[in-house]
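What the coordinates show
Letter by letter, the chains look like this.
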Amino acid sequence: MSDEPRTSPTVRTAAVIPAAGRGVRLGPGAPKALRPLSGTPMLIHAVRAMAASRAVRMVVVVAPPDGAPEVRALLDEHSFPERTTITVVPGGETRQESVALGLRALPADITSVLVHDAARPLVPVDTVDAVVDAVRDGAPAVVPALPLADTVKQVEPDPRGGPEKVVGTPERALLRAVQTPQGFDRATLVRAHETVAPDGEGATDDAGMVERLGVPVVCVPGHEEAFKVTRPLDLVLAEAVLARRRATDGF
Ligand code: CTP
Ligand code: MG
């Protein structure tokens, strides 16, 4: 018995990596996906994390709108498994637009899609494979998810920035924090992107768009190393995870 995902002649999987964000919460500097982690740009770690899954035959990187040539050059400087084709397209103003632009670059024979944030560079391959397997087993939409450490309050934001009124406390045991890669039947995800209109800053979660179609979404176990690099402290944590990997498996 092998732990590798079952290969299937009919399911062909690609990964779309939205990497077009600026990284405002990380502070001033290069676009977030291009900032280094232990000397290697975050995006390179993220592409390697997807390409590590034998099921993933293609990766579409969605670059900052004016940064596609630079991202292409960066990818060409690094090595990836030979089986993986890597394409670069320019992204949009919101994550939702960037993912939609990435989906348009998929060849016709791709039947299932992973959408993975460049900002989650350290997701382990076992988590990627768990999502791939659940989609192959017939789930139209799959998200890796973890229970929450903190209790969550719903609030009424105060327009003047004063104390916010608490309006509810959902039962923590029923909540999950969702990560990426999220996996989808291609046609379902494309339909969600074609029919769910962006509201405000657009959807930050593809599975949420699929839910709005009334299509069931399921969770599989996420992983603490799949955290999103969002604020400066997350860079410290990411470098610590890489140092631990180097120490334990000569990564
Ligand atoms: N993303 C994207 N296109 C956008 C905005 C975001 O492709 N217009 C991508 C980011 O590059 C990131 C992922 O979506 O890989 C998750 O977004 P987030 O963590 O919010 O990254 P940023 O939008 O770059 O960060 P911030 O919100 O702090 O500016
Ligand atoms: Mg953002």
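Our subject is the structure listed above.
Let us now look at the nonpolar core. Of all hydrophobic cores here, the largest spans 34 residues; its most connected members are Leu43, Val47, Met50, Val59, Val61 and Leu75. The set of elements that each furnish at least two residues to this core consists of strand 1 (13-18), helix 1 (42-51), strand 4 (56-63), helix 2 (68-76), strand 5 (85-90) and helix 4 (125-136). Excluding anything up to four places from it in sequence, Leu43 contacts Ile17, Ala19, Ala33, Leu34, Val61, Val71 and Ala118. Formed by 23 residues, the second largest nonpolar core is a distinct cluster that contains Val89, Leu103, Leu106 and Val113.

Looking now at the site of ligand 1. Every one of the 18 residues lining ligand 1 counts as a neighbour, but Pro18, Val24, Arg25, Ser98 and Lys228 are closest to it. Within the contact set of ligand 1, an oxygen atom lies 2.9 Å away from a backbone nitrogen or oxygen of Gly21. Here ligand 1 has 560 Å² of accessible area as a free molecule, and 87% of this is covered by the chains. In terms of residue class, the shell around ligand 1 is made up of 6 nonpolar, 5 polar and 7 charged.

Attention now moves to the environment of Pro36. When you line up the elements, Pro36 lands in strand 2 (residues 36-37). Here the alpha-carbon distance between Pro36 and Glu77, two residues 41 residues apart in the chain, equals 14 Å. With near-sequence residues (within four places) excluded, Pro36 lies in contact with Pro41 and Glu239.

What counts and how
- Residues numbered from 1 in each chain as written.
- Chains lettered and ligands numbered in written order.
- Predicted model: local features only at pLDDT ≥ 70, side-chain atom pairs only at ≥ 80, totals over all residues.
- Heavy atoms only, no water.
- Core = buried A, V, L, I, M, F, W, Y, C linked by side-chain atoms within 4.5 Å.
- Buried < 20%, exposed > 50% of the residue type's maximum accessible area, 1.4 Å probe, protein only.
- Helix = DSSP H or I, 4+ residues; strand = E, 2+ residues; numbered from the N terminus.
- Contact = heavy atoms within 4.5 Å.
- Near = heavy atom within 4 Å.
- Polar contact = N/O pair within 3.5 Å; in protein donor to acceptor, adjacent residues only side chain to side chain.
- Areas by Shrake-Rupley, 256 points an atom, 1.4 Å probe, with all protein chains shown as cover.
- Nonpolar A, V, L, I, M, F, W, Y, C, P; charged D, E, K, R; others polar.

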